[in-house]
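Structural overview for review
One-letter residues, chain by chain:
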Amino acid sequence: EATRLARNLLKAKVTWNTTGVAAAGFDSDKAKPEYVRHGQDASAKALDFFKRGDVAAALGSAAKVIEATYSSEHCYHAQMEPMNCVAKVAEDGQSAELWVGSQFAFLATVVAAGVLKTTPNKITINQQLIGGGYGRRIASDIVAQAVVIANATKKTVKLILTREDDMAAARPRPMTHHVVRAGLDGAGQVTAWRHRVVAENVDAVASPPRFQATGGKDYIGWAGMDLLHYGIPNVTAEGVREMRGMRVHALRGIGAGYNKFVIESFMDELALARNIDPLDMRLELAKDDPRAQAVLRAAADMADWKRKRKGRGLGIAFADYHGSVSAGVIEVSLNRSTGKIKVHNYWIAVDPGLVIQPDNVLAQLEGAAVYGLSLALLEELTIHNGAVVQSNFHNYPVLRMSDMPEIHTRIVASGAAPTGMGEIGVLCVAPAIANAVFQLTGKRLRHLPMSPKHVKAVIA
């Protein structure tokens, strides 16, 4: 508190020279129509992320083509502990000791060494409990700041960002626009699928070497677009890069967080066009994939999928991530006057291969569900003139205890090799909510977050 008071008493005003800075004039609201145009522009430079068969030919010969557009906003990591670091620099300025919670400790040593113009072996890291990471604690900007101050003062420095400074320094999940098209043959079978995402590329910021090595593909931001478990013969997933200068970064679920929302919501649109139950359509598309079928059946069984609930809707979604597969069913109600969605129950089944620590798997599922619910229902970061508009949780709300649903989990055993659990629990949440709201209202929510103002605009 004393530090904050002293800071507020400073008479000097910091000014920033933003000449030549790409993000200085970026306005997220004004950029949205441009993203929409690039989604439809056949001449926009699009790079393939995943390709199977001949989509152009299949769409050209389809008996019916269905198209939809989806979008999502920037999101802040909202880790409960703001970024912080303790740094002690030697008198000669050639070595340092750090106390920091980092998701990438070696990068922290490289960053500190770069500040001091020394080598990483001269940096000692004392790894701390992370206080919430979700991708934000991969970057080591807090380390750089703490080391600069410690080197200047030659004193041990503890630097903790205020929530306002933490939010202003956000490395957000990118804002996105999506165009999806599917072709159906005369029998109603899905024969073609094209998915284009328009967004800033995360890999260009978070992993430049990989970004360059892949020719500009976004391993992080385009994740989840490959339809590995659905037997659609012709598939194209592609990305169009926006270059707005924002420091977009990995956030729990990475690109699959918005890409699965689009894919699994659009799957329900196709089920409606075919007049088939959304679960039955997914089981049909996954007929050659027993693991996918097993989690779908498990989630449906847990939720008693066929049973109708008065005043409530049910939605289902499937997701895969790095070899793990899951399915979730969500039960919602809706306050039509306020536009607020209430999630009552979430049933999720997961097959992460051989399970080594069952309790940790279930804890990861439950924690990820909370994070996914908050992202799906509330979180929205706005950028004006290159700066974050929101400043704290009063205008960047996150999920409250009073809005927590009952979460029901099940591990589906398989003989697959063990895979990851850190991200998979986020992915089914948003599409399952959107699909449940459609069952309840007949209105399709195609934008994240599904916050009251956005919902009211759709159901009005």
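Residues numbered from 1 in each chain as written. Predicted model: local features only at pLDDT ≥ 70, side-chain atom pairs only at ≥ 80, totals over all residues. Heavy atoms only, no water.

Applying the stated criterion across every chain, the model contains 27 salt bridges. One salt bridge connects Arg 136 with Asp 141, and the closest N-O pair in it is separated by 2.8 Å. The exposure class of Arg 136 is buried, given its relative accessible area of 2%. Its relative accessible area of 15% is what places Asp 141 among the buried residues. Salt-bridge contacts for Arg 194 lead to Glu 238; the nearest nitrogen and oxygen are separated by 3.6 Å. One end of the pair, Arg 194, is in strand S8 (residues 190-200); the other, Glu 238, is in strand S9 (residues 234-242), and 44 residues separate them in sequence. Of the residues examined, Glu 238 reaches a relative accessible area of 6% and is grouped as buried. Because the salt bridges share partners, they merge into one network encompassing Asp 29, Lys 32 and Glu 73. (Salt bridge = Lys/Arg side-chain N within 4 Å of Asp/Glu carboxyl O. Buried < 20%, exposed > 50% of the residue type's maximum accessible area, 1.4 Å probe, protein only. Helix = DSSP H or I, 4+ residues; strand = E, 2+ residues; numbered from the N terminus.)

Position of Tyr 258 relative to the elements: it lies in helix H9 (residues 256-274). Separated by 117 residues in the primary sequence, Tyr 258 and Leu 375 have C-alpha atoms spaced 9.9 Å apart. Here Tyr 258 is in contact with Ser 72, Arg 173, Pro 174, Thr 176, His 178, Val 197 and Gly 221, once residues within four sequence places are set aside. (Contact = heavy atoms within 4.5 Å.)

Once that is clear, we can look at a nonpolar patch on the surface. On the surface, Phe 104, Phe 106 and Val 110 cluster together to form a nonpolar patch covering roughly 280 Å² of accessible area. Among the structural elements, Val 110 can be located in helix H4 (residues 105-116). Accessibility expressed as a relative area gives 33% for Val 110, which makes it partly exposed. (Patch = residues over 30% accessible without salt bridge, like charges linked within 9 Å, V, L, I, M, F, W, Y side chains within 5 Å. Areas by Shrake-Rupley, 256 points an atom, 1.4 Å probe, with all protein chains shown as cover.)

Bear in mind that shape data such as this cannot, by itself, settle questions of function.
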